[in-house]
Amino acid sequence: MADEITQQNVLAGATTVAARTLLVGEFLTGKSGGYPPPKRFMDLLMLKPQLRRSQKTEAAKPELLPFG
């Protein structure tokens, strides 16, 4: 599920854990026909490496180092 969320770019622009959690919750609610995901499932899903950091932050790291 975490791979699908990152492939569909659900977390675009989300820079905080709260924002990422809200976007993932909305995505999963849409996938389940309107039922919100259980809190325990959300907690476990948000621990996945794909969802721990926004993609924007990961892409910006190499640019921070002037060596290259």
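In this text, all values refer to a predicted model and were calculated from it rather than measured experimentally.

Conventions and cut-offs
- Residues numbered from 1 in each chain as written.
- Predicted model: local features only at pLDDT ≥ 70, side-chain atom pairs only at ≥ 80, totals over all residues.
- Heavy atoms only, no water.
- Helix = DSSP H or I, 4+ residues; strand = E, 2+ residues; numbered from the N terminus.
- Buried < 20%, exposed > 50% of the residue type's maximum accessible area, 1.4 Å probe, protein only.
- Contact = heavy atoms within 4.5 Å.
- Areas by Shrake-Rupley, 256 points an atom, 1.4 Å probe, with all protein chains shown as cover.
- Core = buried A, V, L, I, M, F, W, Y, C linked by side-chain atoms within 4.5 Å.
- Arc of directions from axis to C-beta.
- Polar contact = N/O pair within 3.5 Å; in protein donor to acceptor, adjacent residues only side chain to side chain.
- Salt bridge = Lys/Arg side-chain N within 4 Å of Asp/Glu carboxyl O.
- Expected span 1.5 Å × (residues − 1).

J.: How should I be thinking about the overall build of the protein in this particular structure?
T.: A count of helical and extended segments in the protein gives five helices and zero strands. For the protein, with 68 residues in total, the buried portion stands at 24%. Counting only contacts in the protein whose residues sit at least 6 apart along the sequence, the fraction spanning at least 24 positions is 44%. A total accessible area of about 5000 Å² is found for the protein, and carbon and sulfur atoms account for 60% of it.

J.: Is there a simple way to think about the nonpolar core in this case?
T.: Proteins that are soluble and globular tend to have nonpolar side chains buried together. Judged by nonpolar contacts, A2, I5, V10, L11, V24, F27, L28, M42, L45, M46 and L51 together constitute the single largest core of eleven residues. Beyond its immediate sequence surroundings of up to four residues, M46 is in contact with R20, T21, V24, L51 and R52.

J.: Help me out: how do you make sense of helix α3 (residues 39–46) in this one?
T.: Residues separated by three or four positions in an α-helix point in the same direction, a consequence of the helix having 3.6 residues per turn. Of the positions making up α3, those classed as buried are M42, L45 and M46. Relative to the axis of α3, the buried residues are bounded by an arc of 95° and lie together on one face. On its buried side, α3 packs onto α1 (2–7), α2 (17–31) and α4 (49–52).

J.: Whenever I open this one, the side chain of T6 confuses me. Can you help?
T.: By the secondary structure assignment, T6 is in helix α1. Exposure remark for T6: the relative accessible area of 18% places this residue in the buried category. A polar side-chain atom of T6 sits 2.9 Å from the main-chain carbonyl oxygen of D3.

J.: Please explain unusual backbone geometry as it appears in this structure.
T.: Negative phi is the rule for most residues except glycine; trans is the rule for most peptide bonds. Of note in the backbone geometry, N9 takes a positive phi value of approximately 60° without being a glycine. By secondary structure assignment, the location of N9 is in the loop between α1 and α2.

J.: What am I meant to see in the pattern of salt bridges here?
T.: Close approach of charged atoms lets side chains of opposite charge pair. Counted under the stated rule, the structure contains two salt bridges. Residue E4 is joined to K31 by a salt bridge in which the shortest nitrogen-to-oxygen separation is 2.6 Å. Of the two residues, E4 sits in helix α1 while K31 sits in helix α2, which places them 27 residues apart along the sequence. E4 gets classed as partly exposed once you look at its relative accessible area, which sits at 24%.

J.: Explain α2 here, please?
T.: Between its first and last C-alpha atoms α2 spans 21 Å; for 15 residues at 1.5 Å apiece the expected length is 21 Å, and the two agree. Residues of α2 that are buried: R20, V24, G25, F27 and L28. End-on, the buried residues of α2 take up no more than an arc of 165°, which puts them together on one face. Exposed positions of α2 whose direction lies more than 90 degrees from the buried face are A18, L22 and G30. Contact partners of the buried residues in α2: α1, α3 and α4.

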